[in-house]
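# A closer look at the structure
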Amino acid sequence: MIQRFIRPVVWAVLALVYVIAVLWTAGALFFDLPFPSLRTLSAIVWLSGALILPILWRRHRRGLLIVIVGFAVILMWWLMTKPANNRTWQPDVAHTAWAKINGDQVTVHDVRNCEYRTEDDFTPRWDTRTVRLSQITGMDLAITYWGSPWMAHPIVSFRFADALPLCFSIETRKSAGQQYSALRGLYRQYTLIYVVADERDSIRVRSNYRTGEDVYLYRTLASSAEARARFLEYIQTINRLRDHPRWYNAVTTNCTTSIRTQRPRNERAPWDWRILLNGKGDELLYERHLIATGGLSFSKLKQRSWINKLARAADQDPDFSRLIRANLPQTD
């Protein structure tokens, strides 16, 4: 009885794995093959072969073996493709930030601080900011939604006693003419970029200029020492990416998983499904007591943390960062 039950389940799982592998490989050929004129044809030939060969050559499963070998070869080629920083990039990701550390002082180059008129009409501006590690007082987390409550984009912002906050937004670095697609994000279409920006850029463009985007801001309970450690992790990562670019991947190397994997392995937070479905990330932080709540329930805290109205009122105000925090519970 047990064998009769297990055998079809095993075959069903193997069939599912086979279908996923075949479809993924077709996508790799269609999106990433370096010869554009052959992409569609190669994907069609692959899908046809993966369907027909196992049927025609059933003896000793030779057809299936050919497909498996083909998948392995294509996967090896795909994994060996290397990203580069020398493409023609869109203006908002034209520069990659990097930093120099001199004792307590950190000088960050290519901090984005664009002058926006609309989301797409802006004057790119890249600044150099010097901050002191000893003046980091804490870190906050902005979470932005543009549609589904299950998916969001996190932006980590570090507060300083003597300077404006500095925020880090992990994004896709798109070349000129590219649009983001979740499907393309599974392949070698975008490189990973850590945008280091003023809050009046990275947060304000989402709260004030993008249609249908909601921004929620939370104070974390990280101590000054913990915030300094996290800040240095970001600094080390941007310097590493400047010389060794990485591919973005919508599942394995995205805006949320990268925050977790940049930490030492023994210090990473326990895995949770909400790391992938990151629209529920604030709920996870609330449950783990990592954000200031002021004694509020999660639903009431989220209502208070919505900053679009405050951000639009502050807009060009030099005191933007303080004004958008007016309703947030204190960490004390």
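Residues numbered from 1 in each chain as written. Predicted model: local features only at pLDDT ≥ 70, side-chain atom pairs only at ≥ 80, totals over all residues. Heavy atoms only, no water.

Per the counting criterion, the structure on display carries 20 aromatic pairs. Consider the rings of Phe30 and Phe31, whose centres lie 5.1 Å apart with planes at 80°: the pair is edge-to-face. Given the relative accessible area of 36%, Phe30 is considered partly exposed. The class of Phe31 is buried, set by a relative accessible area of 10%. Arranged with centres 5.4 Å apart and planes meeting at 45°, the rings of Tyr116 and Phe122 form a pair that is tilted. Residue classification places Phe122 among the buried positions, given a relative accessible area of 17%. (Phe/Tyr/Trp six-rings, centres within 6.5 Å; stacked < 30°, edge-to-face > 60°. Buried < 20%, exposed > 50% of the residue type's maximum accessible area, 1.4 Å probe, protein only.)

Right, let's get into the environment of Ala269. Note on placement: Ala269 falls in the loop between helix 7 (257–261) and helix 8 (281–287). Of the residues examined, Ala269 reaches a relative accessible area of 32% and is grouped as partly exposed. When near neighbours in sequence (up to four residues on either side) are disregarded, Ala269 contacts Arg260 and Arg288. (Helix = DSSP H or I, 4+ residues; strand = E, 2+ residues; numbered from the N terminus. Contact = heavy atoms within 4.5 Å.)

This part covers the pairing of strand 10 (residues 214–219). Counting buried positions along strand 10 yields 5 of 6 residues, so the element is predominantly enclosed. The sheet contact formed by strand 6 (residues 136–145) and strand 10 spans 6 bridges and is antiparallel. Bridge assignment links Ala142 to a residue of strand 10, and that residue is Leu217. (Pairing = 2+ DSSP bridges.)

In this structure, Val108, Phe158, Phe231 and Ile238 are the most contacted members of the largest nonpolar core, which totals 37 residues. At the level of elements, strand 2 (105–112), strand 6, strand 7 (153–160), strand 8 (166–173), strand 9 (191–198), strand 10 and helix 6 (224–243) are the ones that each hand at least two residues to this core. For this core, the element with the most residues is helix 6, which contributes 6 residues. Ala142, Cys167, Ile193 and Ile324 belong to the second-largest nonpolar core, a separate cluster that totals 17 residues. (Core = buried A, V, L, I, M, F, W, Y, C linked by side-chain atoms within 4.5 Å.)

So, about the pattern of salt bridges. Here the structure, examined in full by the defined rule, presents 22 salt bridges. Its salt-bridge partner being Asp140, residue Arg325 comes within 2.8 Å of it at the nearest N-O pair. You can see Arg325 sitting in the segment after helix 11 (320–323) and its partner Asp140 sitting in strand 6, a full 185 residues away along the chain. Accessibility classification places Arg325 together with Asp140 in one group, the buried group. Where Arg263 meets Glu233, a salt bridge forms, and the shortest distance between an N and an O atom there is 3.9 Å. With a gap of 30 residues between them, Arg263 in the loop between helix 7 and helix 8 and Glu233 in helix 6 connect regions that are remote in the sequence. Judged by its relative accessible area of 23%, Arg263 falls in the partly exposed class. One network of salt bridges, in which partners are shared, links Glu119, Glu171, Arg206, Arg210 and Glu213. (Salt bridge = Lys/Arg side-chain N within 4 Å of Asp/Glu carboxyl O.)

The computed volume of the largest pocket comes to approximately 1000 Å³. Lining of the largest pocket is provided by 34 residues; of these, Thr172, Lys174, Tyr180, Arg206 and Arg210 occupy positions nearest its centre. Every element with two or more residues in the lining of the largest pocket is listed here: strand 8 and helix 5 (204–209). Of all the elements, strand 8 adds the most residues to the lining of the largest pocket, at 3 residues. Its residues assigned to classes, the lining of the largest pocket shows 17 nonpolar, 8 polar and 9 charged. Estimated volume of the second largest pocket: approximately 830 Å³. Lining the second largest pocket are 33 residues, with Ile259, Arg263, Ala269, Leu285 and Leu290 positioned closest to its centre. Broken down by secondary-structure element, the contributors of at least two residues to the lining of the second largest pocket are strand 6, strand 7, helix 6, helix 7 and helix 8. For the lining of the second largest pocket, the residue count by class is 16 nonpolar, 7 polar and 10 charged. (1 Å grid on protein atoms, 1.4 Å probe; cavity = no way out; pocket = protein on both sides within 12 Å on 5 of 7 lines; lining within 4 Å. Points joined across faces, edges and corners; volume = space filled by probe spheres on them. Nonpolar A, V, L, I, M, F, W, Y, C, P; charged D, E, K, R; others polar.)

Let us look at the environment of Asp121. The topology assignment puts Asp121 in the loop between strand 3 (115–116) and strand 4 (122–123). Not counting the four nearest positions on each side in its chain, Asp121 is found in contact with Glu115 and Tyr116.

Now for a nonpolar patch on the surface. A cluster of nonpolar side chains, Trp146, Trp150, Met151, Val251, Trp271, Trp273, Leu276 and Leu277, forms an exposed patch at the surface whose accessible area comes to about 800 Å². Along the chain, Trp146 falls in the loop between strand 6 and strand 7. (Patch = residues over 30% accessible without salt bridge, like charges linked within 9 Å, V, L, I, M, F, W, Y side chains within 5 Å. Areas by Shrake-Rupley, 256 points an atom, 1.4 Å probe, with all protein chains shown as cover.)

Quick look at the environment of Phe71 now. The residue Phe71 is located in helix 3 (residues 62–80) in this model. For Phe71, a relative accessible area of 24% gives the class partly exposed. Sequence separation of Phe71 and Val22 is 49 residues, and the distance between their C-alpha atoms is 7.5 Å. In contact with Phe71, not counting residues within four places along its chain, are Ala21, Trp24, Thr25 and Trp46.

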